[in-house]
Amino acid sequence: MLTDTNLRGIMIKQLLKKQQLFTKGVKKVTLRERQILNWIEENPMISQEELAARAGITRSSVAVHISNLMKKGQIAGRGYVLSRSAYIAVVGGVNMDIGGKPFRPLIERDSNPGRVSVSLGGVGRNIAHNLSLLGLRVRFLTAFGDDLHAQRIEASCADLGIDISHARRIAGGATSTYLFLTDADGDMALAVSDMEICERITPDYIASNLSLLNNAQVVVVDGNLPAETLRYLAEHCTAPVFADPVSVTKAEKLKPVLGKLNTLKPNRLEAELLSGVRITDERSMHLAAEKLLETGLHRVFISLGTEGVFASDGRGKIHAPCLQADVRNTTGAGDAFMAALVWAYMEGMDLRDSLQAASAAAAIATESEETINPAMSETALRERIER
């Protein structure tokens, strides 16, 4: 017998297959055309005059763009019938990570020869990156400045196909930056996190994009968002909301809205804070999950490090060990886990299969020196699941 979850997964897969067949060989849309598509998606009844006013161009120019979009298969016929597939919306932070590792033991108050690396990070961005590698369309709502770091973020998202046309660009703002220094063994020695710009992801900004969020299949949020923004989003978003607490300190912001979330992915310490139960054994772990689900939360997946993952949805409970992997770097495992939970939801998987898919994605993520394993893909994930 088909459950609602399985039926939803079948319908979404059929929609995606139709979209892949329809858009095969279609030319890429321009930035202006993408803007027009987004405005039409928000309001299918919008007139060409309104589109012209938003874009700052003439109505005849809008008509040309509409004609081109029809030729490219993005709009099917009259009435602005969009030929677009399902998408995931991610609301969260993006960082420029700058790290230094000395060749020899650190000497304080001195210049230490070593190696400096620069890479893109941020929980929200990392989840969006993994989702894109898994073949899902992603809309990323975030905030960044107008500096060189922002240019690199924009270029990366363009390469990955992550839509940031609705992201908030702050004139004169400093893009979030995480500066860290390790010791010679790679263990953290010191760090400075400049994420003040995340405070610009305000309830008003979310309200202006609420139609986009409500039309998403899933909305993923991270704990870097301000508390009032998380509260507004949880109370007004009609799409299923998946949340990553990010850290114990930031997890506190999710307490008032737990009952409005669909899925929560905390680690042990975050789960203890949010449930009020200290997890010391199997019994206390079950109790912590029960306390979280009593709020109205639909599902919880508690990461236990080397002890695996405990998952519960009120109907079933599963404690699964970590999957075997050639571990090189565990930094991005949690972000891959969350992305795969979303992928599994889109596939209509139940709790057990969702946990298996997410654990498989986390294992793949750890097998790369990079935070995001470039080998991540839907094919790779399915092959790992079948093992």
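The structure this text deals with has already been given above.
Residues numbered from 1 in each chain as written. Predicted model: local features only at pLDDT ≥ 70, side-chain atom pairs only at ≥ 80, totals over all residues. Heavy atoms only, no water.

A. Local environment of a negative patch on the surface. A cluster of acidic residues, Asp-194, Glu-196, Glu-199 and Glu-228, forms a negative patch at the surface. Looking at the element boundaries, Glu-196 is found in the loop between β9 (188-194) and α7 (203-208). (Patch = residues over 30% accessible without salt bridge, like charges linked within 9 Å, V, L, I, M, F, W, Y side chains within 5 Å. Areas by Shrake-Rupley, 256 points an atom, 1.4 Å probe, with all protein chains shown as cover. Salt bridge = Lys/Arg side-chain N within 4 Å of Asp/Glu carboxyl O. Lys, Arg positive; Asp, Glu negative; His and termini not counted. Charge placed at Lys NZ, Arg CZ, Asp CG, Glu CD. Helix = DSSP H or I, 4+ residues; strand = E, 2+ residues; numbered from the N terminus.)

B. Looking closely at the pattern of salt bridges. Considering all chains together, one arrives at 11 salt bridges under this definition. With a shortest N-O distance of 3.6 Å, Asp-244 and Lys-265 are connected by a salt bridge. Taken together, the residues span a long stretch of sequence, with Asp-244 in strand β11 (residues 241-244) and Lys-265 in the loop between β12 (263-264) and α11 (268-275) at a distance of 21 residues. Here Asp-244 matches Lys-265 in class, with each residue buried. One salt bridge in this structure joins Glu-347 and Arg-382, with 2.9 Å as the shortest N-O distance. (Buried < 20%, exposed > 50% of the residue type's maximum accessible area, 1.4 Å probe, protein only.)

C. Quick peek at the packing of helix α13 (residues 333-346) against helix α14 (residues 351-366). Viewed as axis vectors pointing N to C, α13 and α14 meet at an angle of 145°, and their least axial separation amounts to 7 Å. Where α13 crosses over α14, the two elements pack in a sense that is right-handed. Taking contact as the criterion, the partners of Ala-333, Ala-336, Phe-337, Ala-340, Leu-341, Trp-343 and Ala-344 in α13 are, on α14, Ser-354, Leu-355, Ala-357, Ala-358, Ser-359, Ala-361, Ala-362, Ala-365 and Thr-366. (Axes fitted to C-alpha atoms, helices over the stretch in contact; angles between N-to-C directions. Left-handed = near helix turned anticlockwise from the far one by under 90°. Contact = heavy atoms within 4.5 Å.)

D. Empty space enclosed by the protein, seen in detail. This model, assessed by the stated rule, comprises 1 cavity of 30 Å³ or more. Size it by volume and the largest cavity reaches roughly 30 Å³. Every residue lining the largest cavity is listed: Val-221, Leu-230, Leu-233, Ala-234, Val-241, Leu-254, Val-257 and Leu-261. Residue contributions to the lining of the largest cavity peak at 3 residues, all from helix α9 (residues 227-236). (1 Å grid on protein atoms, 1.4 Å probe; cavity = no way out; pocket = protein on both sides within 12 Å on 5 of 7 lines; lining within 4 Å. Points joined across faces, edges and corners; volume = space filled by probe spheres on them.)

E. The arrangement of helix α4 (residues 59-71) in detail. An ideal rise of 1.5 Å per residue puts 18 Å on 13 residues; α4 measures up with 19 Å between its terminal C-alpha atoms. Taken as a whole, α4 has its buried residues at Val-62, His-65, Ile-66 and Leu-69. Projected down its long axis, α4 carries its buried residues within an arc of 100°, all on one side. Looking at the packing, one finds that the buried side of α4 touches α2 (31-42) and α3 (48-55). (Expected span 1.5 Å × (residues − 1). Arc of directions from axis to C-beta.)

F. Molecular detail of the packing of aromatic side chains. With the rule as written, the count across this model stands at 3 aromatic pairs. On the numbers, 5.5 Å between centres and 80° between planes, the contact of Phe-242 with Tyr-345 is edge-to-face. Of the two residues, Phe-242 sits in strand β11 while Tyr-345 sits in helix α13, which places them 103 residues apart along the sequence. In this pair, the class of Phe-242 matches that of Tyr-345, namely buried. The cationic tip of Arg-139 hangs over the ring face of Tyr-87; the distance from NZ or CZ to the ring centre is 4.6 Å. (Phe/Tyr/Trp six-rings, centres within 6.5 Å; stacked < 30°, edge-to-face > 60°. Lys NZ or Arg CZ within 6 Å of the ring centre and 35° of its normal.)

G. Here's a closer look at the sheet that holds strand β4 (residues 137-141). Strand order in the open sheet formed by 9 strands is β6-β4-β1-β10-β11-β12-β13-β14-β15, and the pairing between neighbours is mixed. If you trace the sheet from one side to the other, it starts and ends with β6 (162-163) and β15 (317-320), each paired once. The pairing of strand β1 (residues 87-91) with strand β10 (residues 218-222) spans 4 bridges and is parallel. Its bridge partner being in β10, Ala-89 is matched across the sheet by Val-219. (Pairing = 2+ DSSP bridges.)

H. Spotlight on the side chain of Glu-272. With respect to the helices and strands, the residue Glu-272 is situated in helix α11. The side chain of Glu-272 sits in the buried core without any salt bridge; Arg-278 is the nearest counter-charge, 4.9 Å away. A polar side-chain atom of Glu-272 sits 2.8 Å from the main-chain amide nitrogen of Ile-279. (Polar contact = N/O pair within 3.5 Å; in protein donor to acceptor, adjacent residues only side chain to side chain.)

I. Seen up close, the sheet that holds strand β3 (residues 114-121). Strand order in the open sheet made by the 4 strands is β3-β2-β8-β9, with mixed pairing throughout. In the strand order of this sheet, the two ends are held by β3 and β9, each with one partner. On average, each strand axis in the sheet is inclined to that of its neighbour by 15°, with strand direction left out of account. Of the pairings in the sheet, the one linking strand β2 (residues 95-102) to strand β8 (residues 177-182) comprises 5 bridges and is parallel in character. Bridge pairing in β8 places Gly-99 opposite Phe-180. Lying over the sheet, helix α6 (residues 148-160) contacts β2, β3 and β8, oriented at roughly 60° with respect to β3.

J. Seen up close, the packing of α2 against α4. In the contact formed by α2 and α4, the axes pass within 10 Å of each other and the chain directions differ by 90°. Taken together, the axes of α2 and α4 lie roughly perpendicular to each other. Mapping the contact onto sequence places Arg-32, Glu-33, Ile-36, Leu-37 and Ile-40 in α2 and His-65, Ile-66, Asn-68 and Leu-69 in α4. Residue composition of the contact of α2 with α4, by class: 5 nonpolar, 2 polar and 2 charged. (Parallel < 35°, antiparallel > 145°, perpendicular 65-115°, else oblique. Nonpolar A, V, L, I, M, F, W, Y, C, P; charged D, E, K, R; others polar.)

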